[in-house]
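Residue-level listing of the chains:
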Amino acid sequence: MKHVLVARVENKPGVLNRVASLFRRRGFNIDSLTVGETEVPEVSRMTIVVDATRTDASRVVHNLYKLVNVIEVEDITEKPAVVRDLVLIKVKADAKTRPEIIQLTQVFRGHVVDVAPESLIVELTGEEDKINSFVDVMRPFGIIEMVRTGIVAMVRGTSVNGHGRVGGNGSVL
Amino acid sequence: MELTGAEILWECLLREGVELVFGYPGGAILPTYDAMNFYPVRHVLVRHEQGAVHAADGYARASGRVGVAMATSGPGATNMVTGIATAMMDSSPVVCITGQVPTLAIGSDAFQETDVTGITLPITKHNYLVTDVRDLARTVKEAFYIARTGRPGPVLIDIPKDVQIARTEFVYPEDPVELPGYKPRTVIPPEDLERAVELINSARRPVILAGHGVLMSGAMRELREFAERGRIPVAQTLLGLGNFPASHPLCLGMMGMHGEAYVNQAIQEADLLLAFGMRFDDRVTGNVKTYAPKARKIHVDIDPSEINKNVKVDVGIVGDLKAVLQELLPHVEPVDRSAWLEQIDEWRDDTRRRDILNWDGGGKLWGAHVIHDIWRATEGNAIVVTDVGQHQMWEAQYYRHERPFTLITSGGLGTMGFALPAGIGAKLARPDEEVWVIAGDGGFQMTQAELATAVQERVPIRIAIINNGYLGMVRQWQEFFYEKRYAATPLVNPDFCKLAAAYDIPAFRVTRREEVIPTVQKAREVDGPVLIDFIVEKEDIVYPMVPAGADLHAMIRRPVEQYEKEVSK
Ligand SMILES: Cc1ncc(C[n+]2csc(CCOP(=O)(O)OP(=O)(O)O)c2C)c(N)n1
Ligand SMILES: [Mg+2]
């Protein structure tokens, strides 16, 4: 079972290091971690995917709260949310295979963002499962290079993060 | 008013109530030391920066106030690491201030440059690198706030030399500290309170596990009221000793690896554990799989990450213990638990039969007897600061602490070398109290350079070395678990009395039991630091013992026959 945690952290130097150091020293297993800006310049947002079969997600939440620069952590796994991963795949393509790859890309609602004589770069956004299937479909053509951003997520509806914090006891230590 | 960064630092320290700083100067912190001349603070020059942090730690634990340690960049700062980790593990409020190379030189491997905020990131509650003098005042205020509130801990502020020199308009941030990601608070959901009360009042064999949190929250009176009202016995962690009077009929004493057998037996048979400000350390639980199998568990702690970390509990309440106990107290019913208390007393009788105090020692000097006699001679009233090893456990077993904040010891990290510098800090924090440093012959040598600090600063501590010629605790493990192969544990020691003499410290050597109390009394009369070298039995054992990772009830006990034979003689 994968848990998706969203953490709002102070946008200050070294905060990512504090979070990474915490995961390392507590032996937390993390599938992915992304960081980016938010609507507030002083706040950045981390999306953290925890493999809950190996690491108790609530322990991750409580320990994140111990970091002074972590403002709020939310486990949005059970919430209706938009979850997105982005992939860039450079795949082998010649005159014969190119049309097929382009067609498959359209089926997955991806975009061809670069064309070279012997390769294509495809960009695809979507939920993890969709990306995984697309990668499987591309594999037979020969993947030259691939990069995934890791997951970003947002709870549906008007509220910010759906509110109601994990742990029940609010931001502590 | 325009001030330099160094001046701003002192202005802020004074506003935090700092009167005393432990430290050691060097190039990168020189502007701060120079500015110190113009401020009413006492500086205690240690002989090693580890000692500065331990002294600040001892000061903090004895006084309940934040201790301050200061050092230069690079080697000065790295020498602090052991002290900081010690304070972190025992949640001690210490603020460390280090000089750093100038901001423009950071990252260039400049002379005496070390990434101190990087090194101390996992061993501080929080740390700061101040790169703009305009941030300094607020940073100092935040650091003290973070160090002393919530679950206390060490905070480090790294200040580049140019920031110490730079000038800016000094405006003290008068507003209370407001940190978006740090808001310690107590919230007790009513259903948790209700469930806790139900478990408490229906328990027939409850035991309170009282930890360091009782002391840090100042919940001694509430704990006592709770225990007395519910007729519930109190077991203590090592760092909790003193949080409940040792002579109280409900006091069981220390639990865990070297706790008395009846205490651990009570825990294993209990139907309810009330964990108050403790964290189920592995030294306390033994094998967690077989720990207190019959007990429901209620855990109260200020740090939510401690709840369900080592031991799964039925009710976890996050908050300041004193506030939580005040909430719970009115609901605690006076349940008759005499059968349970009688049962524990029965187990206690068995422990008494094996107690080394019932034995005259057979003409030899035993560490436990020395501690017991120091306790008698000081009427149980001293502040005792221990090092780490066998003597530490004998202290915990045989110096019976009646008052809070009278035992200062490195529990979580188990740092040898802690006692002497921490003892200096404790004595400076509470000059009217009698302070005894009790150290092993091994650990004492790790920081013995601080004898000079005690002399230079005229700190009248009493030092007892429990000299067994071994790294005794390690030797004990080798005896039990490595077939007496004493690899690297025998010690060839200096003559500690001559060593003391080199510092002009009066010293006594004790080799026989009957000399212990008279010599301790003599030492108590000395004006200034004094040292006693107790030459004790070399191959002695701390009983009882739960081997690491074993079940809590699987204790190695002192062989009763041997002692009965000796006692009957
Ligand atoms: C800095 C440090 N190094 C090593 C240890 C491991 N250790 C724990 S107890 C002990 C022996 C202590 O010997 P001594 O100070 O003579 O005390 P005794 O056990 O003999 O009373 C050692 C080496 C430690 N706790 N701290
Ligand atoms: Mg020794």
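Residues numbered from 1 in each chain as written. Chains lettered and ligands numbered in written order. Predicted model: local features only at pLDDT ≥ 70, side-chain atom pairs only at ≥ 80, totals over all residues. Heavy atoms only, no water.

## Considerations on the pairing of strand 9 (residues 206–210) of chain B
All names here are of chain B.
Okay, so step 1: When you tally the buried positions in strand 9, you get five out of five residues, the bulk of the element.
Okay, so step 2: Side chains Pro206, Ile208 and Ala210 of strand 9 all project onto a buried face; the interleaved residues Val207 and Leu209 project onto the opposite face, where all are buried too.
Okay, so step 3: Two strands pair when backbone bridges link them, and strand 9 and strand 12 (residues 272–276) are joined in this way by five bridges, in the parallel orientation. When the sheet's bridge partners are listed, Leu209 is paired in strand 12 with Ala275.
Okay, so step 4: Of the strand pairs in this sheet, strand 9 and strand 10 (residues 234–236) are connected by three bridges, and their pairing is parallel. Considered in strand 10, the bridge of Ala210 is made with Gln236. (Buried < 20%, exposed > 50% of the residue type's maximum accessible area, 1.4 Å probe, protein only. Helix = DSSP H or I, 4+ residues; strand = E, 2+ residues; numbered from the N terminus. Pairing = 2+ DSSP bridges.)

## What to know about the site of ligand 1
Residue and element names in this part refer to chain B.
Okay, so step 1: Taken together, 17 residues are adjacent to ligand 1, and Gln390, Gly414, Asp441, Gly443 and Gly472 come closest.
Okay, so step 2: One of the backbone N or O atoms of Gln390 is found 2.8 Å from an oxygen atom in ligand 1.
Okay, so step 3: Contacts to ligand 1 include Met473, whose backbone N or O atom sits 2.9 Å from an oxygen atom.
Okay, so step 4: Compared with its free state, where it exposes 580 Å², ligand 1 has 77% of that area covered by protein.
Okay, so step 5: Of the residues in the shell around ligand 1, the class split is seven nonpolar, nine polar and one charged. (Near = heavy atom within 4 Å. Polar contact = N/O pair within 3.5 Å; in protein donor to acceptor, adjacent residues only side chain to side chain. Areas by Shrake-Rupley, 256 points an atom, 1.4 Å probe, with all protein chains shown as cover. Nonpolar A, V, L, I, M, F, W, Y, C, P; charged D, E, K, R; others polar.)

## Overview of the coordination of the magnesium ion (ligand 2)
Residue and element names in this part refer to chain B.
Okay, so step 1: Taken together, the protein donors to the magnesium ion (ligand 2) comprise Asp441 (OD), Asn468 (OD1) and Tyr470 (O), at separations of 2.1 to 2.2 Å.
Okay, so step 2: Here the donor residues of the magnesium ion (ligand 2) share one chain and are spaced in sequence as D-x26-N-x1-Y. A residue pair is termed long-range when its members are at least 10 positions apart, and Asp441 in helix 19 (residues 441–444) and Tyr470 in the loop between strand 18 (462–467) and helix 21 (472–481) qualify at 29 residues. Comparing Asp441 with Tyr470, the two get one shared label, buried. (Donors = N, O, S within 2.8 Å, 3.2 Å for Na, K, Ca; no water.)

## Re unusual backbone geometry
Trans peptide bonds make up the majority, and among non-glycine residues the majority have a negative phi.
All names here are of chain B.
Okay, so step 1: Cis rather than trans, the peptide bond between Tyr543 and Pro544 has omega equal to -15°.
Okay, so step 2: You can see Pro544 is positioned in the loop between strand 20 (530–535) and helix 24 (560–568).
Okay, so step 3: One non-glycine residue, Asp109, lies in positive phi territory at about 55°.
Okay, so step 4: Within the secondary structure layout, Asp109 lies in the loop between strand 5 (94–100) and helix 6 (116–119).
Okay, so step 5: Its identity as a non-glycine residue notwithstanding, Ala292 has a phi of 40°, on the positive side.
Okay, so step 6: Looking at where Ala292 falls in the secondary structure, it is placed in the loop between helix 13 (282–285) and strand 13 (296–301).

## A few points about the packing of aromatic side chains
Each aromatic ring pair is described using two quantities: the centre-to-centre distance and the angle formed by the ring planes.
Residue and element names in this part refer to chain B.
Okay, so step 1: Here the structure, examined in full by the defined rule, presents 14 aromatic pairs over all chains.
Okay, so step 2: Ring centres 6.1 Å apart and planes at 85° place the aromatic pair Trp340 and Trp347 in the edge-to-face group. For the pair Trp340 and Trp347, one class covers both residues: buried.
Okay, so step 3: Aromatic ring contacts, followed pair by pair, group Trp477, Phe480, Phe481 and Tyr543 into a single cluster.
Okay, so step 4: Sitting over the face of the ring of Tyr172, Arg15 holds its NZ or CZ atom 5.0 Å from the ring centroid.
Okay, so step 5: Between Arg475 and the ring centre of Tyr470, over which it is positioned, the NZ or CZ distance is 5.6 Å. (Phe/Tyr/Trp six-rings, centres within 6.5 Å; stacked < 30°, edge-to-face > 60°. Lys NZ or Arg CZ within 6 Å of the ring centre and 35° of its normal.)

## Some details on helix 12 (residues 261–269) of chain B
All names here are of chain B.
Okay, so step 1: Burial within helix 12 is extensive, with seven of its nine residues counted as buried.
Okay, so step 2: Listed in full, the buried residues belonging to helix 12 are Ala261, Tyr262, Val263, Asn264, Ala266, Ile267 and Gln268.
Okay, so step 3: The elements touched by buried residues of helix 12 are strand 9, strand 10, strand 11 (251–254), strand 12 and helix 15 (338–354). (Contact = heavy atoms within 4.5 Å.)

## Considerations on the domain arrangement of chain A
How big an interface is tends to be stated in terms of accessible area lost as the parts join.
Residues and elements named next belong to chain A.
Okay, so step 1: One can read the domain layout of chain A as domain 1 (2–78) and domain 2 (82–152).
Okay, so step 2: Spacing between the C-alpha centres of domain 1 and domain 2 amounts to 29 Å.
Okay, so step 3: Contact residues are listed per partner, giving five residues for domain 1 and five residues for domain 2.
Okay, so step 4: At the boundary of domain 1 with domain 2, total buried surface from both sides reaches about 410 Å², with 68% on carbon and sulfur atoms.
Okay, so step 5: Between the two partners, domain 1 and domain 2, sit zero salt bridges.
Okay, so step 6: At the junction of domain 1 with domain 2, the criterion picks out one residue pair in polar contact (both at pLDDT 80 or more).
Okay, so step 7: The set of elements that each furnish at least two residues to the side of domain 1 that touches domain 2 consists of strand 2 (30–37) and strand 3 (43–51).
Okay, so step 8: Taken together, the residues that form the side of domain 1 that touches domain 2 break down as one nonpolar, three polar and one charged. (Domains from an automatic or database assignment. Buried area = accessible area lost by both parts, 1.4 Å probe. Salt bridge = Lys/Arg side-chain N within 4 Å of Asp/Glu carboxyl O.)

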